[in-house]
Amino acid sequence: MAGMTPKEMALTIGSGLLSFPVTPFDADLAFDEERYRSNLDWLCSYEVAGLFSCGGTGEFFSLTPEEVARIVAVAVAETAGRVPVLAGVGYGTTIACELAQSVEKAGADGILLLPPYLVNSEQEGLAAHVEAVCRSTSLGVIVYNRDNAILTEDTLARLCERCPNLVGFKDGVGDLELMQRIGSRMGDRLTYVGGLPTAETFAMPYLEMGVTTYSSAVFNFVPEFSTRFYAAVGQRDHRTVEAGLKDFILPLLAIRNRRKGYAVSIIKAGMKVIGRDSGPVRAPLTDLGEAETAELAVLVRRLDSGIFAARPQAA
């Protein structure tokens, strides 16, 4: 996948399911490269249009800039062109620009621009931040609309005029009116990605708005379920989608919603459940308790006996 243009990257990720691999840590909370390579190799055996290294589920917020560059380089080496690798970039504008340059050198195929650190700002300031990052790299950039970085359709339109490599928009807000205004204004100038936690819950209504892809965190530990669910969404197979929501996603959300930060922690717990223990989460997050992990294990086992039972991978 090396050498993908921004447009090629955007078209590729818009064609299928996306996911954010967890970042494995050892008992001392250091990056576990061997486990990361193993996880990536396994995930690449499933149908996925792009993997985002050091994204939110990959605990970007707890990584140093040096760790981000190293982890992205490992992801690029291990996937070896099988799928595009996009990298999380964020913090303040200067650091974000430096990160964009370092992940480009590491071989990433694109960038997900996460909200800037902590501060709230006006549209003019947000636009300057996005433009600076876009100008710092030749890679295609996907802007993540959420929390303290919510762009309007007017701001996006101006950015798209000024930044040819701004090629994607990921929504983490769930404001359907805003999404409709952005889609109507920008049309196919951007690739649209569903990014609400947990994206499967909103996949069907977003598809009707032209959002053809979304990022699945649970793909990390139940890839068979995730790929079949995504296919069902694309086919508008309401029966299968409703079964997936009822039998797995909504019960998983009930566990996730018990404590703050569990959106990431529950994915690492899922890795442990399936025998791919990727270590603990870094502070300030906290891991699931034993009882909650046991509940999650029950949900995963139920998938093996229902409509989403695992199917053998094609040779």
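What counts, and at which threshold
Residues numbered from 1 in each chain as written. Predicted model: local features only at pLDDT ≥ 70, side-chain atom pairs only at ≥ 80, totals over all residues. Heavy atoms only, no water. Phe/Tyr/Trp six-rings, centres within 6.5 Å; stacked < 30°, edge-to-face > 60°. Helix = DSSP H or I, 4+ residues; strand = E, 2+ residues; numbered from the N terminus. Buried < 20%, exposed > 50% of the residue type's maximum accessible area, 1.4 Å probe, protein only. Lys NZ or Arg CZ within 6 Å of the ring centre and 35° of its normal. Pairing = 2+ DSSP bridges. Contact = heavy atoms within 4.5 Å. Axes fitted to C-alpha atoms, helices over the stretch in contact; angles between N-to-C directions. 1 Å grid on protein atoms, 1.4 Å probe; cavity = no way out; pocket = protein on both sides within 12 Å on 5 of 7 lines; lining within 4 Å. Points joined across faces, edges and corners; volume = space filled by probe spheres on them. Core = buried A, V, L, I, M, F, W, Y, C linked by side-chain atoms within 4.5 Å. Nonpolar A, V, L, I, M, F, W, Y, C, P; charged D, E, K, R; others polar.

## Some thoughts on the packing of aromatic side chains
Here is step 1: Counting across every chain of the model gives ten aromatic pairs.
Here is step 2: For the pair Phe225 and Phe229, a centre-to-centre distance of 5.6 Å together with 35° between the ring planes defines the contact as tilted. Placement of the pair is Phe225 and Phe229 together in helix α9 (residues 223-234), with a separation of four residues, close to one helical turn.
Here is step 3: In this structure Phe229 comes out as buried when scored by relative accessible area, which is 0%.
Here is step 4: An aromatic cluster of three or more residues is present, and its members are Phe221, Phe225, Phe229 and Phe248.
Here is step 5: The side chain of Lys170 reaches across the aromatic face of Tyr144, ending 4.3 Å from its centre.

## Points about the pairing of strand β3 (residues 85-89)
Here is step 1: Burial runs high along β3: five of the five residues are buried.
Here is step 2: Side-chain alternation along β3 places Val85, Ala87 and Val89 on one buried face and Leu86 and Gly88 on a second face that is also buried.
Here is step 3: As paired strands, strand β2 (residues 50-53) and β3 are joined by three bridges and run parallel to one another. Looking across to β3, one finds that Phe52 is bridged to Leu86.

## Points about the sheet that holds β3
Two orientations exist for strands paired in a sheet by backbone hydrogen bonds: parallel and antiparallel.
Here is step 1: On the basis of which strands lie adjacent, the open sheet formed by eight strands has the order β1-β2-β3-β4-β5-β6-β7-β8 and parallel pairing. Only two strands of the sheet have a single partner each, and these edge strands are β1 (18-19) and β8 (213-214).
Here is step 2: In this structure, strand β6 (residues 166-171) lies alongside strand β7 (residues 191-194), joined through four bridges in parallel fashion. What sits directly across from Phe169, in β7, is Tyr192.
Here is step 3: Most of the contacts of helix α1 (residues 6-13) go to strand β5 (residues 140-145), to which it runs at about 50°, and overall it touches β1, β3, β4 (110-113), β5, β6, β7 and β8.

## Considerations on unusual backbone geometry
Here is step 1: Look at the link from Pro197 to Thr198: it is a cis peptide, with omega at -15°.
Here is step 2: Note on placement: Thr198 falls in the loop between β7 and α8 (203-207).
Here is step 3: Omega for the bond connecting Ala283 with Pro284 falls within 30 degrees of zero, at 15°, which places this linkage in the cis form.
Here is step 4: Relative to the helices and strands, Pro284 is located in the loop between α11 (262-273) and α12 (290-303).
Here is step 5: For Glu59, which is not glycine, the phi torsion reads 60° and is therefore positive.
Here is step 6: Here Glu59 is to be found in the loop between β2 and α3 (65-79).
Here is step 7: Although it is not a glycine, Leu118 sits at a positive phi angle of roughly 65°.
Here is step 8: The class of Leu118 is exposed, set by a relative accessible area of 62%.

## Side note on the layout of surface pockets
Here is step 1: Its volume calculated, the largest pocket comes out at about 1000 Å³.
Here is step 2: Taken together, 38 residues form the lining of the largest pocket, with Gly56, Phe61, Tyr144, Arg146 and Asp147 sitting closest to its centre.
Here is step 3: Those elements that place two or more of their residues in the lining of the largest pocket are α10 (238-256) and α11.
Here is step 4: The element best represented in the lining of the largest pocket is α11, accounting for five residues.

## Brief notes about the nonpolar core
Here is step 1: Residues Leu166, Val218, Phe221, Phe225, Phe229, Phe248 and Leu252 are the most contacted members of the largest nonpolar core, which totals 108 residues.
Here is step 2: Sorting elements by how many residues they give to this core places α10 first, with eight residues.
Here is step 3: Look past the residues within four positions of Phe221 in its chain and what remains in contact with it is Trp42, Phe248, Leu252, Ile266, Ile267, Gly270, Met271, Ile274, Leu296 and Val300.

## What to know about empty space enclosed by the protein
The probe, sized like a water molecule, is rolled over the atoms to show the empty space still left.
Here is step 1: Across all of its chains, the model carries one cavity of 30 Å³ or more by this definition.
Here is step 2: Taken together, Leu113, Leu114, Pro115, Pro116, Leu126, His129, Val130, Val143, Tyr144, Asn145, Ala149 and Leu151 make up the lining of the largest cavity.
Here is step 3: Listed by contribution, the elements that provide at least two residues to the lining of the largest cavity are α5 (123-135) and β5.
Here is step 4: Taken together, the residues of the lining of the largest cavity break down into ten nonpolar, two polar and no charged.

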